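Listed below, chain by chain, are the residues.
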Number of protein chains: 2
Amino acid sequence: MTISEVSKKYGLTPDALRYYERLGLIPGVRRSKSGFREYSEEDCRWIEFIKCMRGAGLPIEVLSEYVALFRQGDSTVEARRRLLVEQREQLLARIGEMQETLARLDFKISFYDEVLSVAEAGLK
Amino acid sequence: MTISEVSKKYGLTPDALRYYERLGLIPGVRRSKSGFREYSEEDCRWIEFIKCMRGAGLPIEVLSEYVALFRQGDSTVEARRRLLVEQREQLLARIGEMQETLARLDFKISFYDEVLSVAEAGLK
DNA sequence: TTAAACCCTGGAGCGTGCTCCAAGTCAAGC
DNA sequence: GCTTGACTTGGAGCACGCTCCAGGGTTTAA
């Protein structure tokens, strides 16, 4: 696949794809003889993974480290696990914080609902 | 309260507090006759609210708009409600996305657990 | 009354994560 | 062969959210 095809498929700009590759988030993208990127199925799986992780806020640097470990082979399995566990914990904490904020927004919204319904009743 | 007291109480730097005030996120902070900020209880409630919303990723611009509406009085109750509902929806969507990513991390971690336990069994 | 510690403003600087652009190469259709 | 459009790299630029700093006033305690 060409870069524009992958771009459309995953909703990432070609610039973002090149940027990710430069920072080591997408390992080993092959090139045509004229230097154009040719994304393989495996490349696509990486891209989809990276997109998902970035969407949840994992930093580029951490993902880059994960990919680097992956490329070093089986000896890094434990390190990769530790990295994922740490990111999992941080993600869980962020979700918890956001859920509390969500509850607070719900509370505030229902307060406004009440204010508005009282105001409407007053008009009758 | 002084800015450094509020700073410690909420874990925000004095610079961040001044920055928020400049952008309209903390309305009407009084000053001492020499120009020092004197935070009231109500100021503190705003700060705590803003800190919570920022922690969940609500943009400064949106919060600033909310505060501006609040300061315009009762006629903006409906607009404030709409603003909160929209932010609530976006927050809910982000939480959903993050939960999916969490599930994916869990899956990957349990995969690594398996790889590691197989490797350990192989050593025996 | 003087040093240390705190506060002020305005503006520059910085980290993150892209996004855009110039200048050039390559490919496909006419 | 020529044009049009896609691709390349390297680097500049940008949006967001602070963070830091200079230069200067204030407060407090010795």
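Our subject is the structure listed above.
Note that the structure is predicted; figures quoted are calculated from it, not measured. (Residues numbered from 1 in each chain as written. Chains lettered and ligands numbered in written order. Predicted model: local features only at pLDDT ≥ 70, side-chain atom pairs only at ≥ 80, totals over all residues. Heavy atoms only, no water.)

Asks: Which parts of the structure should I look at to understand the interface of chain A and chain B?
Replies: By a frequent convention, interface size equals the accessible area lost on bringing the separate parts together. Between chain A and chain B, the contact holds 33 residues from the first and 33 residues from the second. Between chain A and chain B the total buried area reaches about 3500 Å² when both faces are included, carbon and sulfur atoms providing 73% of it. It is Met98, Arg104 and Tyr112 of chain A in chain A that bury the most area against chain B; as a group they hold 20% of the surface buried on that side. Between the two partners, chain A and chain B, sit six salt bridges. Salt-bridge contacts for Arg88 of chain A lead to Asp106 of chain B; the nearest nitrogen and oxygen are separated by 2.6 Å. On the surface where chain A and chain B come into contact, there are 10 residue pairs in polar contact (both at pLDDT 80 or more). Looking at the side of chain A that touches chain B, the elements that each hand over two or more residues are helix H3 (41–55) and helix H5 (77–123) of chain A. (Contact = heavy atoms within 4.5 Å. Buried area = accessible area lost by both parts, 1.4 Å probe. Salt bridge = Lys/Arg side-chain N within 4 Å of Asp/Glu carboxyl O. Polar contact = N/O pair within 3.5 Å; in protein donor to acceptor, adjacent residues only side chain to side chain. Helix = DSSP H or I, 4+ residues; strand = E, 2+ residues; numbered from the N terminus.)

Asks: Please explain the packing of aromatic side chains as it appears in this structure.
Replies: Here the structure, examined in full by the defined rule, presents 12 aromatic pairs over all chains. Consider the rings of Trp46 of chain A and Phe70 of chain A, whose centres lie 5.0 Å apart with planes at 85°: the pair is edge-to-face. You can see Trp46 of chain A sitting in helix H3 and its partner Phe70 of chain A sitting in helix H4 (residues 60–71), a full 24 residues away along the chain. Members of the aromatic cluster, connected to one another through ring pairs, are Trp46, Phe49, Tyr66 and Phe70 of chain A. Between the NZ or CZ atom of Lys108 of chain A and the centre of the ring of Phe49 of chain B, over which it lies, the distance is 4.6 Å. (Phe/Tyr/Trp six-rings, centres within 6.5 Å; stacked < 30°, edge-to-face > 60°. Lys NZ or Arg CZ within 6 Å of the ring centre and 35° of its normal.)

Interpretation note: all reported values are geometric properties and have no functional meaning in isolation.
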